[in-house]
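As a plain string of letters, each chain reads:
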Amino acid sequence: KYSQQYGVDEAFIRAIIRQETGHLVTANRMVRAVSPAGAGGVGQLMPATAARFGLSSAERFDPEKNIMAATRYLSILLKMFNGNIKLAAAGYNAGEGAVKKYHNTVPPYAETEKYVYRVAGYYTAFRQATESTVPSVQAVSTGIQQSAQAAGQLKQNTQQAATSAAANVPYW
């Protein structure tokens, strides 16, 4: 639902969420996930980013609100970087300021370069996958336990595809 509202490809939202928290096993851990840097929730929002979109520290752990804020942020990043998904992903990971600092290129940070590569693979795989094998954003926000189970299956189905697809992204 937020994909249409904010004009962000649902496959891109899924790819970001998959990269941010898809490796976590249980639904509760996915919702309560906190990175060493302090990012939290399914979209791993930093407290300042959550506040930018009107969320309290506690609200950023609500899957629905987290996905809404993450999608709004992706929409802003896509507009900022002229629809370039690679730069939007880099901005989501390293911050929009880092992308601007390096003259609208992926910042030369190993973590960010790896992040963009993986998001590209997931994005390609999600665009190619059928809806029956990919949890929708709505399923993540309303049925997080079901999404965690589907993510486990998706991990098996897309890990190989993500690795090979990332090298062949035709629209980047």
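About the cut-offs
Residues numbered from 1 in each chain as written. Predicted model: local features only at pLDDT ≥ 70, side-chain atom pairs only at ≥ 80, totals over all residues. Heavy atoms only, no water. Helix = DSSP H or I, 4+ residues; strand = E, 2+ residues; numbered from the N terminus. Buried < 20%, exposed > 50% of the residue type's maximum accessible area, 1.4 Å probe, protein only. Contact = heavy atoms within 4.5 Å. Areas by Shrake-Rupley, 256 points an atom, 1.4 Å probe, with all protein chains shown as cover. Phe/Tyr/Trp six-rings, centres within 6.5 Å; stacked < 30°, edge-to-face > 60°. Salt bridge = Lys/Arg side-chain N within 4 Å of Asp/Glu carboxyl O. Axes fitted to C-alpha atoms, helices over the stretch in contact; angles between N-to-C directions. Parallel < 35°, antiparallel > 145°, perpendicular 65-115°, else oblique. Left-handed = near helix turned anticlockwise from the far one by under 90°. Nonpolar A, V, L, I, M, F, W, Y, C, P; charged D, E, K, R; others polar.

A.B. asks: So what about the overall build of the protein? Which residues, and what values?
C.D. replies: Scanning the protein from N- to C-terminus turns up 10 helices and zero strands. Taking all 172 residues of the protein together, 51% fall into the buried category. Contacts in the protein between residues at least 24 apart in sequence constitute 52% of all its contacts with a sequence separation of at least 6. Of the roughly 8,500 Å² of accessible surface on the protein, a fraction of 50% belongs to carbon and sulfur atoms.

A.B. asks: Residue-level account of the environment of A11, with values.
C.D. replies: Turning to its location among the elements, A11 is positioned in helix α2 (residues 10-21). Put simply, A11 and T124 are 113 residues apart on the chain and 8.0 Å apart in space, counted from C-alpha to C-alpha. Non-local contacts of A11, meaning those with residues more than four positions away in its chain, are made with Y123, F126 and R127.

A.B. asks: Go over unusual backbone geometry, please, and point to the residues and values.
C.D. replies: Non-glycine residue Q44 carries a positive phi angle of around 50 degrees. When you line up the elements, Q44 lands in the loop between α3 (27-32) and α4 (47-52). At H103, a residue that is not glycine, the phi angle is positive and equals roughly 55 degrees. Positionally, H103 belongs in the loop between α7 (96-101) and α8 (110-128). For H103, a relative accessible area of 69% corresponds to the exposed category.

A.B. asks: So, the packing of aromatic side chains: which residues are in play, and what are the values?
C.D. replies: One pass over the full model with this rule turns up six aromatic pairs. Considering the side-chain rings of Y2 and Y6, the 6.4 Å spacing of their centres and the 25 degrees angle between planes classify their relative orientation as stacked. With a gap of four residues between them, Y2 and Y6 both fall in helix α1 (residues 2-6), about one helical turn apart. Clustering of aromatic rings is evident, with ring pairs tying together F53, Y73 and Y92.

A.B. asks: So, the pattern of salt bridges: which residues are in play, and what are the values?
C.D. replies: For the structure shown, the criterion picks out five salt bridges. Taking the shortest distance from any N to any O, the salt bridge between D9 and R127 comes out at 2.6 Å. With a gap of 118 residues between them, D9 in the loop between α1 and α2 and R127 in helix α8 connect regions that are remote in the sequence. Measuring nitrogen to oxygen at the nearest pair gives 3.0 Å for the salt bridge that ties E10 to R14. With E10 and R14 both in helix α2 and four residues apart, this pair spans about one turn of that helix. Take E10: its relative accessible area is 24%, and that puts it in the partly exposed class. According to the relative accessible area criterion, R14 is buried, its value standing at 7%.

A.B. asks: Explain the packing of helix α5 (residues 63-80) against helix α6 (residues 85-94) to me, using residue names and the numbers behind them.
C.D. replies: The interhelical angle for the contact between α5 and α6, taken along N-to-C directions, is 130 degrees, at an axis separation of 9 Å. Judged by the angle between their axes, α5 and α6 are oblique. Between α5 and α6 the crossing geometry is right-handed. In contact with A70, Y73, L74, L77 and L78 of α5, α6 contributes I85, A88, G91 and Y92. Along the lines of polarity and charge, the residues of the contact of α5 with α6 split into eight nonpolar, one polar and no charged.

A.B. asks: Could you give me a rundown of the environment of A51, with the residues and numbers involved?
C.D. replies: Structurally, A51 can be placed in helix α4. Looking at A51, the relative accessible area reads 48%, which means it is partly exposed. For the pair A51 and A69, spaced 18 residues apart in sequence, the C-alpha separation works out to 9.4 Å.

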